[in-house]
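Observations on the three-dimensional arrangement
Residues per chain, in single letters:
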Amino acid sequence: MNLRIAPTLLLSLLLLSSAGAAESPALLRLPNFDSLTERASESVNITLDSTLLGLAARFLDAEDPEDAAAKDVIRGLTGIYVRSFTFEEDFAYPRTDIDTLRKQLSAPGWQRLVEVRSRKEQAHVDIYISILGEKANGLAIIASEPREFTIVNIVGSIDLEKLHKLEGQFGIPKLELEKD
Amino acid sequence: MNDLEDKMRDALRPVGPTDGFSDRVLARLASGTQRSTQEAQARPRFHRANSRWVSIALAASIVVAVLIGQQWRVQQQEEGLKARRQLIEALRVTSDKLDLAYQVVNDPSPSEAQHEPGV
C-alpha cells in the first residue's frame, strides 16, 4: 500500500514544486535591447530576481534611512527589472519594442492605472498594474521621452503607498509643484 | 628373528650430526633474528613517515578549506554589494518615472492624463 502511495505523493510534490516555481503572470518578457544598448549614450540594465533581492536586502543598513526605505519597499517583492536608455538624439529608439511590451500588457490581469501624455515635454508615461484576486502582484512602467526610454517591471505584492513614499528618497527631490 | 633384530638395531642406532651442523643452525637462527629485528625497526619508521604525510595532507586541506571559505565570503560580499547598488538604482529609476508621471498630471499646462476607471 505504502509503495503505491509513494509515487503518487512524489508526483504531487513535484507538481506542487513546479507550480511554485512557475513564472508570475506579472513578469514581463522584456525584449533583447542589445541594439539599443549600442546606440544609447547611457544604459541601465538591472535584473534582480528573488535570490538577488534577498542578497541585496542582507546588505541594506536598517539604520540608514535610504536603505530602510528600500528594505521596506522590497518586502514581498520577487523581482525588479529595469531597462533604461538615454540617447543623444531625439527618438532614436524604435517604437516596435514599446509595442511588443504594450501587447503583453494588454493580457488579462494587467490594468492600466495611469496614462500620461505631456505635449510640452513630449513625455509619455504609462503605469500598469497586475491584479490577482484583489491584490496587486505586479507593476509596469513604460516611460518614453524624446531622449530617454525606460521600462520598469516590479513583480510581487506591491504597496503603491510605499512606492509613492520613495519620492524624496534616492536623490529625488520632494515634488513641489508650482502652480500659475 | 635375530636377523630382524639386527636390522632394527642397525636402523635405530644413534647417528651423530654431520660436520658444521650446529654452526649452520646458529647461523640460521642469527639471520632470522636479524631479519625480524629489521622488520620490527622498519615498521614504526613506515608508520612515522605515513602519519607525517597524513598530518601534512590534513593541514593542507584545512588551509585550502579556509581559503575557499574566505574567497566565498568575499565573493558573496561583492555580489551582495553589487545587488544592493542595483536595487538602489532600480528604485531611483522607478521613483524618477513615478515622479515624472506626477509632475505631468499636476502640470497646469495642457497635457493628457487618464486614470483608468475602477482602479
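Each chain carries its own residue numbering, running from 1 in the written order of its sequence. In the order they appear in the text, chains get letters beginning with A and ligands get numbers beginning with 1. The predicted nature of this model means local features are confined to residues of pLDDT at least 70 and side-chain atom pairs, given and counted, to a pLDDT of 80 or more, with totals for whole chains, interfaces and linings taken over all residues.

1. Brief notes about the overall build of chain B
Labels follow the DSSP assignment, with helices taken as runs of H or I lasting at least four residues and strands as runs of E lasting at least two, numbered in each case from the N terminus. In terms of regular secondary structure, chain B is built from two helices and one strand. Counting across all 119 residues of chain B, residues that qualify as buried make up 13%. Working definition of burial: number of other C-beta atoms within 10 Å of the residue's own, with buried at 20 or more, exposed at 12 or fewer, and partly exposed in between, all C-beta atoms being placed from the backbone.

2. Concerning the overall build of chain A
Along the backbone of chain A there are six helices and six strands. Mapped in sequence order, the helices and strands of chain A form the string α-α-β-α-α-β-α-β-β-β-β-α.

3. Focus: the confidence of the model for chain B
All names here are of chain B. Residues of chain B with pLDDT of at least 70 account for 89%, and the chain-wide mean is 82. Element-level mean pLDDT values for chain B span from 55 in strand β1 (residues 111-115) up to 86 in helix α2 (residues 21-106). The ipTM for the predicted assembly is 0.76, set against a pTM of 0.67. Each residue gets a pLDDT score, which is the predictor's confidence in that residue and runs from 0 to 100.

4. A short note on the nonpolar core
Think of a nonpolar core as buried Ala, Val, Leu, Ile, Met, Phe, Trp, Tyr and Cys residues, each tied to the set through C-beta atoms within 7 Å. By size, the foremost hydrophobic cluster in this structure holds 45 residues, and its most contacted members are L48, I80, V125 and I141 of chain A together with L87 and A101 of chain B. Taken together, the elements giving at least two residues each to this core come down to α3 (50-58), α4 (65-74), β2 (77-86), β3 (110-118), β4 (123-132), β5 (135-145) and β6 (148-156) of chain A together with α2 of chain B. Counting residues per element, this core draws most heavily on α2 of chain B, which supplies nine residues. If we skip the residues at most four places from it in the chain, I80 of chain A touches I46, L48, L53 and I154 of chain A together with L87 and A90 of chain B. This entry defines residue contacts through backbone-placed C-beta atoms, with two residues in contact when those atoms are within 7 Å.

5. Concerning the packing of α3 of chain A against α2 of chain B
Helix axes are fitted only over the stretch in contact, all axes being lines through C-alpha atoms; the angle between N-to-C directions runs from 0 to 180 degrees. Relative to each other, α3 of chain A and α2 of chain B sit at 100°, their axes nearing to 8 Å. With respect to their mutual orientation, α3 of chain A and α2 of chain B come out roughly perpendicular. Here L52, L55, A56 and R58 of chain A of α3 of chain A lie close against α2 of chain B, whose contacting residues are E79, G80, A83, R84 and L87 of chain B. Every angle not falling under 35 degrees, over 145, or within 65 to 115 is termed oblique; those three ranges are roughly parallel, roughly antiparallel and roughly perpendicular.

6. What about the environment of A92 of chain A?
Residue and element names in this part refer to chain A. Mapping A92 onto the fold places it in the loop between β2 and α5 (95-104). A sequence separation of 54 residues divides A92 from P146, and the C-alpha atoms of the two residues are 8.1 Å apart. The contacts of A92, once residues within four sequence positions are left out, are R39 and F87.

7. Concerning the confidence of the model for chain A
The predicted structure's coordinates, where accompanied by low pLDDT, should not be read in detail. Residues and elements named next belong to chain A. Mean pLDDT over chain A stands at 79; residues scoring 70 or higher make up 77%. Within the model, the stretch residues 15-21 combines pLDDT values under 50 with zero contacts to residues more than four positions away or in other chains. Across residues 170-180, where pLDDT falls below 50, the model places 21 contacts with residues more than four positions away in sequence or in other chains.

8. Here we look at the pairing of β6 of chain A
Residues and elements named next belong to chain A. Taken across its nine residues, β6 has eight buried, putting it largely inside the fold. In this analysis, strands are considered paired if DSSP registers two or more bridges between them. In this structure, β2 lies alongside β6, joined through nine bridges in antiparallel fashion. In the sheet register, I80 faces β6, and the bridge partner there is I154.

9. Some details on the packing of α4 of chain A against α2 of chain B
Between α4 of chain A and α2 of chain B, the shortest axis-to-axis distance is 11 Å and the interhelical angle comes to 80°. Relative to α2 of chain B, α4 of chain A is oriented roughly perpendicular. Residues A70, V73 and I74 of chain A of α4 of chain A lie in contact with α2 of chain B, whose contacting residues are L87, I88 and L91 of chain B. Only Asp, Glu, Lys and Arg are considered charged, only Ala, Val, Leu, Ile, Met, Phe, Trp, Tyr, Cys and Pro nonpolar, and every remaining residue, Gly among them, polar. Of the residues contributing to the contact of α4 of chain A with α2 of chain B, the split by class is six nonpolar, no polar and no charged.

10. Concerning the pairing of β5 of chain A
All names here are of chain A. Most of β5 is tucked away: eight of the 11 residues are buried. Taken together, the nine bridges between β4 and β5 define a ladder with antiparallel strand orientation. Considered in β5, the bridge of V125 is made with A143. In this structure, the hairpin formed by β4 and β5 is closed by a connection of two residues, where G133 is found at a positive phi of approximately 70°. Turn length for the β5-β6 hairpin, with the two strands adjacent in sequence and antiparallel, is two residues.

11. Describing the environment of R75 of chain A
Residues and elements named next belong to chain A. Looking at where R75 falls in the secondary structure, it is placed in the loop between α4 and β2. According to the C-beta neighbour criterion, R75 is partly exposed, with 13 such atoms within 10 Å. With 84 residues separating them along the chain, R75 and D159 place their C-alpha atoms 9.4 Å apart.

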